[in-house]
Amino acid sequence: TGPMSSECLGNLLRITLSAEYFENKYLSLSVVDQSGTAWELSEATAAQCGYRVTYSSWSSIEFHASALSCHSHLEKDVFTVTIQIKASPTPDMSNAATHLKSASCRYGLWSPRELICGSNYMEVSVRREVPQTVKDFVQDEPGDWTLVFPEAKAEEASIWQIVFHQPEEKRALLVSNAWDAGYGLNATDSRVLLRVPYTAAQVQLVEVGVVLLAQQAARLCRSNQMPSLQDQGITFSVLRSSTFYKYHWVILVVDTAVACPVDGVDYANKTITWTVPKYIPPLSAGVTSFKDVLVEAGVDLHKLSAKEMASRKYVLLNELNAIMMKIPIGAEGGYYKTSVSNGQLGAKYSINLFLEHQWEDNKWGLTKHTIIKEIETPFEQAEVAITNSLNLSVRLMNVTVGTFLPDVELVNLTIEEVAVAVPEAVQHGYLIHRARYANGSKAYIIQVPLDAPSVKKEYMREDMRAYTLNVTLTFITRPSSETFVVPVIALSAVKDAVLPSARGFCDGRNLNLIISHGNVDQNWLPFISDWHLTPEAAQKYNYSLRDNGTHLAISVPFLSSHVSYEGFHTSAIKASFYLTLKDGVTSAQRRDFSVSCIFSPSELIQCLPNGTVIITAIKLVGDEDLDTALLVLRDRQCKPSLVTEKTATFKFNVNTCGTSRKFNSTTMTYENEVLYFRPGNDTPTYQLKFLCSYAVEQTVDVRYESKKNPPPSIKPGLGCLALSLKLFKDKYYSKPYQESEYPVVKYLREALYFEVELLHPKDARLDLNLDDCWATNSQSQDSFPQWHILTHGCENNKDSYRTAFHKVNYSLRVKFPQHLKRFEVRMFAFVQGTSLLQE
């Protein structure tokens, strides 16, 4: 109970650390010896000393210790192990809490030879032969041993050296050298122990056969002889060695050979088959008789009865020459764990099998062979289920990802190519919940508002919009720290599309469209036919284009290139303007709008008092092949002075161009017509007649008084003038910088576009002229240094890049061009000597 619990399992001790208690903590594990010294464990020292730290099912931590481990205390038939755990919330182990756990286990009668095949080491302990004491034998002094054999301790029982039997030679190592090489050696009053890591240099791989011919098997059984094994079979890790130890001025030697199976596992038909040969030649040198005594098996070091095995559908077969265990994959006692292969998610079934085989032979008597086998099935890829549901009442997308095994943890999300840790996802509008199920598995539920910036919105049809969530989830497995990603693309269709709508009207000489934005036109752009209507393009044609975020307002003059003229009568002209909203990505037509207005034909003609006539001819719908540049008057030498795609403008005197005139009692009427002739044809295909009438008699009273005029003079006037100085973003003076955009950052020689405007009074008789304009190094206009941009209304001749004036034309925004002055200044910096005073 508590953070740690212990369990005795034969000649092994297991201490289990509570996964819940130590979750999200950094651990340091040490073994405490009898003197109270804590020895921190590494993989190498654990294998050398008989310890094993494993992460069992779903992050529980287990510590295994052999009865004859380095720092265990063995007294009679009880061995005691003490471990120390330091747990800290930070990797530097500061503020670590220390936990001590001591556990004692009773071990019964020792066999003459005991072998343990752990997952990280092999261990053999043999009964030490004790010669009978000779009567009146003179006992040696402790110091004598260190004089003769410096490596032999002056204790009653100590190991002197170990000799390895290699196929080509024998190699002897003294105790200290063997210890430095990673071997573990120990001697008690009654036993000699050797512990070998699987990675030790002297370990050999040897194949042991398990298949016997039927006749040979029967003959050997009748004669009680050892079987002769075939060459091919199961691979064993083998160390052949003899250990020398001293006792009462005698050097004794024992066979400390050890062998452990490396493979022997097969996976077929959803079943694990583990085969272990009974007769292992490296352990049976000099043996002539062999007899089975006991075969027991289990899981996690727990022996299982035949009834328990049957309930789990385990099969234990004790054959003539081999022991075989069959375990259904997924059976009780094992567990599935998450695995990642080439970035793909999958699972492996893991089970820790335990086999104890005892036999008697004529050399050793009883041998106990304990094999701990951690079996893991091959990788099996798994698909990740992703389900998407929609909560329209709160406009939330709910995406469920999984299920996953408990050893999987979501660590971050990649949102619009930015990796975001799970705790920070809420700042992007993501709510993440973890759902746990009764079998320990879990799923992750991601809730995202439909209006989150990372959710892509796309118009589908009619009133439908598609919402697409595209996010990548990164997971990590515990404790193996493998990572894998799960791309999530969730699509939801919602009936919430509001299409743009428009109203049209005419005022004076303009056609106007006001388009209300819907919620689907974020990427829709205004087009006139195939011409993209941008603010710059609109200014070029003297169109007005304004967008306040909710409405797009477009104003087009009656006489312009993009107005269509669909009807022409003596009393009216029908003019139409067509606008299309297109998808900015796919260029697909999304919405068409138009406005049509009736204008008076008088808009096309001006009869000036000095006899000058200005007439504008228009191309009607249906006359697409008419070239307005080829329109002429009656005198075909009179050609238009201004031509557009849809119009041709003529300017001439009433006494020219074939103009005819008629008189009556009160008026004089001048008449002409605009004509279009196809090449080689004298019959016009286009004919537009027009006339100008002037009054024959008209009296104008002119008052005249002769007087000596004084020289012109200017008298100052007193009053309040309201002015503004603005900085604009481009040379079209369409968008000024707003207050929230200051300070504006510019680089040297970049253009600054200034506009000075007289705001009040709005008097057409007033003209705004600039006298002096200067820049300072601070916000105070009287501070120094100063640099003049304009001097007496002119550019500063000392400037490397002189101030440039821009003409101001009449527009919807500019009613009085004479009230504005616009000029362009190149960015500069104040210097003192060669140093900048300010960036």
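Reading the values: the criteria
Residues numbered from 1 in each chain as written. Predicted model: local features only at pLDDT ≥ 70, side-chain atom pairs only at ≥ 80, totals over all residues. Heavy atoms only, no water. 1 Å grid on protein atoms, 1.4 Å probe; cavity = no way out; pocket = protein on both sides within 12 Å on 5 of 7 lines; lining within 4 Å. Points joined across faces, edges and corners; volume = space filled by probe spheres on them. Helix = DSSP H or I, 4+ residues; strand = E, 2+ residues; numbered from the N terminus. Nonpolar A, V, L, I, M, F, W, Y, C, P; charged D, E, K, R; others polar. Buried < 20%, exposed > 50% of the residue type's maximum accessible area, 1.4 Å probe, protein only. Pairing = 2+ DSSP bridges. Disulfide = S-S within 2.5 Å. Polar contact = N/O pair within 3.5 Å; in protein donor to acceptor, adjacent residues only side chain to side chain. Contact = heavy atoms within 4.5 Å. Axes fitted to C-alpha atoms, helices over the stretch in contact; angles between N-to-C directions. pLDDT = per-residue confidence, 0-100.

Enquirer: Is there a simple way to explain the layout of surface pockets in this structure?
Expert: Rolling a probe over the atoms, with the probe sized like a water molecule, indicates the empty space that remains. A volume near 1,500 Å³ is recorded for the second largest pocket. Contributions of two or more residues to the lining of the second largest pocket are made by β56 (722–728), β57 (751–760), β58 (773–776), β59 (786–791) and β62 (820–826). With 4 residues, the top contributor of residues to the lining of the second largest pocket is β58. Within the lining of the second largest pocket, the residues separate by chemical class into 24 nonpolar, 6 polar and 6 charged.

Enquirer: What am I meant to see in the pairing of strand β11 (residues 121–127) here?
Expert: Regular strands have side chains that alternate between both faces of the sheet. β11 sits mainly inside the fold: 6 of its 7 residues count as buried. Relative to β11, strand β10 (residues 113–117) is paired through 5 bridges, and the arrangement is antiparallel. Residue R113 lies in a different strand from β11, and its bridge partner there is V126. Counted between consecutive antiparallel strands, the loop separating β10 from β11 contains 3 residues. In terms of strand pairing, β11 meets strand β15 (residues 191–197) through 7 bridges, oriented antiparallel. When the sheet's bridge partners are listed, S125 is paired in β15 with L193.

Enquirer: I keep staring at the state of the cysteines and nothing clicks. Help me out?
Expert: A covalent bond bridging the sulfur atoms of two cysteines is what the word disulfide describes. Tallied over the entire structure, the rule returns 6 disulfides. In the protein, numbering the disulfide-bonded cysteines from first to last in sequence yields the connectivity 1-4, 2-3, 5-6, 7-8, 9-12, 10-11. In this structure C773 is not part of a disulfide, and its nearest cysteine sulfur, from C794, lies 13 Å away.

Enquirer: How do you make sense of the pairing of strand β35 (residues 431–436) when you look at a structure like this?
Expert: Bridge analysis of β35 against strand β36 (residues 442–449) gives 6 bridges, and the strand direction is antiparallel. By the bridge assignment for β36, A435 is matched with A443. Here β35 folds back onto β36, and the loop between the two strands holds 5 residues, one of which, G440, carries a positive phi near 95°.

Enquirer: I tried to follow the side chain of H819 on my own but got confused; where do I start?
Expert: By secondary structure assignment, the location of H819 is in the loop between β61 (804–806) and β62. Here H819 falls in the buried class, since its relative accessible area comes to 1%. A polar contact of 2.8 Å, which involves the side chain of H819, links it to the backbone oxygen of D763. For H819, the contacting residues outside a window of four places in its chain are V756, E757, L758, P761, K762, D763, A764, L766 and L768.

Enquirer: For this particular structure, what's the right way to read the sheet that holds strand β26 (residues 322–328)?
Expert: Strand pairing in a sheet takes place through backbone hydrogen bonds and is either antiparallel or parallel in direction. Read across the sheet, 4 strands follow the order β21-β22-β26-β25 without closing on themselves; strand pairing throughout is antiparallel. Across the chains shown, the open sheet's two edge strands, defined by having one partner strand only, are β21 (265–268) and β25 (315–318). Adjacent strand axes in the sheet meet at a mean angle of 15°, parallel and antiparallel pairs treated alike. Note: strand β22 (residues 271–277) against β26, 7 bridges, orientation antiparallel. By the bridge assignment for β26, T271 is matched with P328.

Enquirer: How do you make sense of the confidence of the model for the protein when you look at a structure like this?
Expert: Low-confidence regions, as indicated by low pLDDT, have predicted coordinates that should not be scrutinised in detail. Taken over all residues, the pLDDT of the protein has a mean of 86, while the share at 70 or more is 91%. Contacts from residues 225–231, a stretch scored under 50 in pLDDT, to residues over four places away or in other chains number 23 contacts.

Enquirer: Looking at this structure, how should I read the sheet that holds strand β20 (residues 258–261)?
Expert: Ordered by their spatial adjacency, 3 strands build an open sheet running β16-β17-β20, and the pairing between neighbours is antiparallel. The open sheet has two edge strands, β16 (204–209) and β20, and neither has a second partner. Averaged over neighbouring strand pairs, the angle between their axes works out to 35° when direction is ignored. Where strand β17 (residues 233–239) lies against β20, 4 bridges are found, and the strand directions are antiparallel. Bridging across to β20, V238 finds its partner in A259.

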